[in-house]
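Below are the chains, spelled out letter by letter.
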Amino acid sequence: MPGTYSSHNSGTALRPNDSHRTQVFRRLCLMIGCASLLVLGIELLLADPDQHEARVAAGLAAVAGVAYGLIHFGHVRYVPHLLLGGVLVTAVMSVLSYGSVRTAVGFLFVAVVAGAGIFLGRLALLTTLLSSVGALGLLTWAEMQGKLGAPPDFSVDARVWITYTVTLAVVAVAAYYSGGQVREITAREQEEIERRHQAEIERDRSNERFARIFRTSPSPMLAQSARTGVILDVNPAFERCHGYTRDQVLGRTDSFLWAHEEQRSSYLQQLLTHRRADLPQVSSRRADGSTFEAQISSELGNDRKDRLVITTVADISTRIEAVERLRRSEERFAKAFNSSPLGMTIARLEDGLILEVNRSNERVLGYTQADFMGKTSLEVGLWFSEQERRDFVQQLRDEGRLEGYETRMRNKAGRWVPVRIWAETIDIDGQACSLAFTLNVETEKHREALLIEMAQGVSGATGEVFFRSLVTHLAQALEADMVIADDLDTPETVQSVAAWHAGEIVPNVRYRCADTTTARTMNVNPGCHFTQQLRTDYPDHHHPIGSGFQTYLGIALRDADGSPIGVLRALWQSTRPLTADMQALMTIFGSRCTAELVRLRRDREIQKLQETLEQRVTQRTEQLEYLNRELDSFAYTVSHDLKSPLRSIGGFSHLLREQMDPRMNDDDRDLFDRIDTSVLRMSSLITDLLALARVSQGSLQRMNVNLSELAQDVIRQERHRDPTRDVQVRIAPGLMANCDARMAHIVLENLLGNAWKYTRQKALAVIEFGAVPRAPGQAPALFVRDNGAGFDMARAERLFKPFNRLHASSEFEGSGVGLATVRRILERHGGHIRGEGQVDAGSVFEFSFGSDTAR
């Protein structure tokens, strides 16, 4: 590069730039010329006339002059060759002139070699060195052979010193300038090295930043050779996007990534032409063979020598899908907007300027699209006042959306009509706007008024009054000439429950429904509408009320199972087309009429059931009472008749024991003891059975009974029978019940007696009798609790069955009839009993004599 030294592998030395080189050579020429002239002058003044060294100095001065002339005329290239050649020739001539190689001119050979090393290349230096060595060798050989002429004069004078001085001065100057050049070149080289080092550092930093960006970029990237198209590197995003690993793509061209070859050809042409390529949408292929839409951006560096292509790939499938969804959404919105049966408008909230309207507004309020465009809602005159619009806008801003906002608006005819608005705030080009759906509810309001009037007319009414009010209001709502509500009396006949004709209620009629509009209506769901058919299909049909009708509308009244129970009919003496309002009114009034007819039918069925129910209940009660009396009498008789033979067995056994006592052994006495035990057990069972039978006989003598006193009496009896036991008994005071005192005593005897018996094996027995805590309004109840043997709840269903025991007779005596007797008594009082227990942890029995158990 200009202004610097460069090293070449050919062996040429460092060369200075042309301007500096010229200066150096000019100064050397002047110095050599001056030195030669100086030596020439000294030789002419001091040397002997027969010595010819002056001619050598003159020749060197001439060479210096020629070289200076070449420099002056711009031919610097061969100046160093000329000077060095001249000096070498001068040195040889000096040796030949002096006659010996041992003169001062030997320094000139050194100067020639040094100059060649400084100013010429490696080959020239080698040539100069060989030439100098060869010349000195020849001269030395010639001197040794005596061929150099007369012997040299080795005397020393001032000329020797001057010659050395001049030679050293020339070498010193050359060395000085060459050293300066070397230092300058070295400094420049050092600067260049430093600059290149900094450039390499910056390049490394740039490469590191690029590598970091390349690796961490969320967009897929790949680097390719511009010459071969081979993929050199890909980033992780590329691997995630395309499904290939880095090792799978390195060394391959990018053709397998393109779904369409023509797109790749267009891309390459654009890249080679403009050194960059931007394709907004191409189809790329993944590793699994699927394709996706991508945006490609590739670029070559500005330097033509840059052979690297960096490509960025953006998966725009999601964006394209979003754009397509947006397009379809906008298309659907446009279709919905323009085809909606509701009047739709888009207006600015700030000033009410109408931006868009659909065609349905003409049906809603009568305005065309041209009436709205470019105007505000106030300019069109939609709002009754500006304040009403401000209220609407403020509420919409506060809530963000409005549903069923009711107000009034002026239609194109100038009449104020009630409307219902559904609105939502939307943003259009940064401006708050409203998307509003407007519905004209004038007809609905009119219908609501009719329904309210009808509801007020029939509210609280039932039966005949209801049906008369219903047909009257329906006739007024439909502007009908006759309205009849019929009840299907039998499958063949119909009985009207109310009829309105010619402005008044008329008497009810019964008629056969075969081949009539009534029969047709009951077979069609939901109903029938006739105009021309009324005259053609039923020409001979005579209505039981009125005549000359041209239009018929009827609906079937059906029960919950779908079977017809009646018909609601309206007739006109003029032709009336069927409208939605007529259908709606008939459906609403028909539903109410059906409910009332169903109620009347249920009332009639209930009345019939009530008329027969009391008789059936009385008969059944008498039968049950008779059976109970027979059963109780049978049980009492059997129990009573069993006692006599049992007493005989016990008496005879006692007599036989007394008579045979001296002759009996221990086994015989044991047998008699077992007979006595069985007789006593059988007697106890019969007694309990009689008690169970007695509690079912006779009438209850209800009175207020102090149950606490009865319980104390039962405990006194138990303590008297078993005075050795220490039992802790807790009886709540003042427990009252409305019951039969004798029966209540039996209940407490059994419950407290069981508690006393089953706590026998407890060291500290506890028995409690009290009232169960109840919330206000709940039936009162009592309880008996103990900490005795308890029972297994898995067998609790056997507690109240006669002759069922949960414990072995060897553990606790008893017949198993006591709890059955308790339940029979409590059930006769209208009460209940239930028990809970846990083995070895006691039991509790909760019972009641009815609603007035405890107070």
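Scroll up to find the structure this text is about.
Criteria and thresholds
Residues numbered from 1 in each chain as written. Predicted model: local features only at pLDDT ≥ 70, side-chain atom pairs only at ≥ 80, totals over all residues. Heavy atoms only, no water. Pairing = 2+ DSSP bridges. Helix = DSSP H or I, 4+ residues; strand = E, 2+ residues; numbered from the N terminus. Axes fitted to C-alpha atoms, helices over the stretch in contact; angles between N-to-C directions. Contact = heavy atoms within 4.5 Å. Left-handed = near helix turned anticlockwise from the far one by under 90°. Nonpolar A, V, L, I, M, F, W, Y, C, P; charged D, E, K, R; others polar. Buried < 20%, exposed > 50% of the residue type's maximum accessible area, 1.4 Å probe, protein only. Polar contact = N/O pair within 3.5 Å; in protein donor to acceptor, adjacent residues only side chain to side chain. Salt bridge = Lys/Arg side-chain N within 4 Å of Asp/Glu carboxyl O.

Colleague: Can you break down the sheet that holds strand β2 (residues 231-234) residue by residue, with the values?
Modeller: Reading across the sheet, the five strands line up as β2-β1-β5-β4-β3 and stay open at both edges, with antiparallel pairing between neighbours. Strands at the two margins of the open sheet, each flanked by one partner only, are β2 and β3 (276-285). Taken pair by pair, the neighbouring strands of this sheet meet at an average axis angle of 25°, ignoring direction. By the bridge criterion, seven bridges tie strand β4 (residues 291-300) to strand β5 (residues 308-315) in an arrangement that is antiparallel. Of the residues in β5, the one forming a bridge with Gln295 is Ala314. Against the sheet, helix α9 (residues 261-274) engages β1 (221-225), β3, β4 and β5, with an angle of about 165° to β3.

Colleague: Break down the packing of helix α22 (residues 741-758) against helix α23 (residues 818-828) for me, citing the residues and quoting the values.
Modeller: Remark: α22 packs on α23, axes separated minimally by 9 Å, with the N-to-C direction vectors making an angle of 145°. Crossing of α22 against α23: the hand is left-handed. Where α22 approaches α23, its residues Met743, Ile746, Val747, Asn750, Leu751 and Asn754 are matched on the opposing element by Gly818, Leu819, Thr821, Val822, Ile825, Leu826 and Arg828. Partitioned by chemical class, the residues of the contact of α22 with α23 number eight nonpolar, four polar and one charged.

Colleague: Could you give an account of the sheet that holds strand β23 (residues 832-838), naming the residues involved and the relevant values?
Modeller: Here five strands make up an open sheet; going across it, the order is β19-β21-β22-β24-β23 and the pairing mixed. Of all the strands in the sheet, just β19 (727-731) and β23 have a single pairing partner and so form its edges. If you compare each strand with its neighbour and ignore which way they point, the axes differ by 10° on average. Judged from the five bridges that link them, β19 and strand β21 (residues 765-771) form a sheet pairing that is parallel. If you follow Ile731 over to β21, its bridge partner there is Phe769. Against the sheet, α23 contacts β23 and β24 (842-848), and its axis sits at roughly 145° relative to β23.

Colleague: Kindly report on the pairing of strand β9 (residues 416-428), identifying the contributing residues and their values.
Modeller: Pairing geometry for strand β8 (residues 401-410) and β9, over eight bridges, is antiparallel. Bridging across to β9, Thr407 finds its partner in Val419. In this antiparallel pair of consecutive strands, β8 and β9, the connection spans five residues, and Gly414 shows a positive phi of 90°. Here β9 pairs with strand β10 (residues 431-440) via 10 bridges, running antiparallel. The residue of β10 that forms the bridge with Ile426 is Cys433.

Colleague: Got a sec to walk through the environment of Arg558? Specific residues and values, please.
Modeller: Counting through the fold element by element, Arg558 comes out in strand β16 (residues 551-558). Overall, Arg558 belongs to the partly exposed group, its relative accessible area being 21%. The spatial distance from the C-alpha of Arg558 to the C-alpha of Ser591 is 9.1 Å, given a sequence separation of 33 residues. Polar side-chain contacts of Arg558 include one of 2.8 Å to the backbone oxygen of Met522. A distance of 3.2 Å separates a polar side-chain atom of Arg558 from the backbone oxygen of Gly562.

Colleague: Before we move on, could you go through the pattern of salt bridges and cite the residues and values that matter?
Modeller: Throughout the structure, instances matching the rule amount to 36 salt bridges. One salt bridge connects Arg209 with Glu202, and the closest N-O pair in it is separated by 3.4 Å. Ionic contacts of the salt-bridge type, sharing partners, join the residues Arg592, Glu596, Arg599 and Asp603 into one network.

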